[in-house]
Amino acid sequence: MEDELKGVQTFNEGVKACVPTIMGYLGIGIAMGIVGKAIGLSVWQVFLMSLIVYAGSAQFIICGLIAISAPIPSIIFTVFLVNLRHFLMSLSVANHFKKDSLLNGIGIGTLLTDESYGVLMATLAQKPAVSSRWTHGLNITAYLTWILATVIGALLGNFIPDPNVLGLDFALTAMFLGLFLFQVQLPLKFQKSKTVIILLVTAFSLYLLMRVVSAELAVIISTLLGCTIGVVIKDE
């Protein structure tokens, strides 16, 4: 009981919480490395991209734009739009770490990804407190796994020209589905009506917005709408 009240605190606990993400990152990271190698990037360049950019969807987009010889400004702007959602994710968890130092906050926000955010939010739904040490364990483990996986993919690129043959193109989708189900399991159990309404509003608004604005902006706007509905609707 005492452990439950304390929540999750240690770096090692964060590393253990990252295990499901590791499995997903290995598949999609290797696929990313293979794609990077296929467009002519060296292993060193794939490594630097993962080290600096650290965003799966953005890195695939970068490879696609490089393949068509897109100008650098357009690549930078496109990646900015794709990753704009990370501002919302960082803002939504900032309150949980307000007692920590600015350096800790920067470290958490810098390495926060869709997958680590999903694990973090699911843990916050079950635990009363999550320490910055635990979050660093989660984020750093995911970061190092992603870098390693993309480098392995680049090394294997000459031997696996088509990652779709191994089904690696579905790895990212499968990982997101797992994280989504894990995250909504408790809210559906304890606040079923409210959770269903939020999901329906978010999904429907996303469907409509993608017809009039870019996919990146549609995701951001629909997320804000879902958050607004969650605040307005009273808890059951």
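Residues numbered from 1 in each chain as written. Predicted model: local features only at pLDDT ≥ 70, side-chain atom pairs only at ≥ 80, totals over all residues. Heavy atoms only, no water.

## Topic: the overall build of the protein chain
Thinking step 1. Tallying secondary structure elements over the protein chain gives 13 helices and zero strands in all.
Thinking step 2. The buried share among the 236 residues of the protein chain stands at 37%.
Thinking step 3. Look at the contacts in the protein chain between residues 6 or more apart in sequence, and 77% of them connect residues 24 or more apart.
Thinking step 4. Taken as a whole, the protein chain presents about 13400 Å² of accessible surface, with 71% of it coming from carbon and sulfur. (Helix = DSSP H or I, 4+ residues; strand = E, 2+ residues; numbered from the N terminus. Buried < 20%, exposed > 50% of the residue type's maximum accessible area, 1.4 Å probe, protein only. Contact = heavy atoms within 4.5 Å. Areas by Shrake-Rupley, 256 points an atom, 1.4 Å probe, with all protein chains shown as cover.)

## Looking at the UniProt feature "transmembrane region" (unreviewed entry) in the protein chain
Thinking step 1. When the UniProt feature table is mapped to this numbering, "transmembrane region" (unreviewed entry) covers residues 22-48, 60-82, 102-125, 137-159, 165-182 and 216-233.
Thinking step 2. Note that residues 60-82 is 83% helix and 0% strand, and that its end C-alpha atoms are spaced 11 Å apart.
Thinking step 3. Strand forms 0% of residues 102-125 and helix 83%; the C-alpha atoms that close the span are 24 Å apart. (UniProt positions renumbered as here; feature names shortened; annotations may be inferred.)

## Overview of the side chain of Asn83
Thinking step 1. Here Asn83 lies in the loop between α6 (72-82) and α7 (85-94).
Thinking step 2. Residue classification places Asn83 among the buried residues on the basis of a relative accessible area of 17%.

## Description of the environment of Gly56
Thinking step 1. Among the structural elements, Gly56 can be located in helix α5 (residues 56-67).
Thinking step 2. What makes Gly56 partly exposed here is its relative accessible area of 23%.

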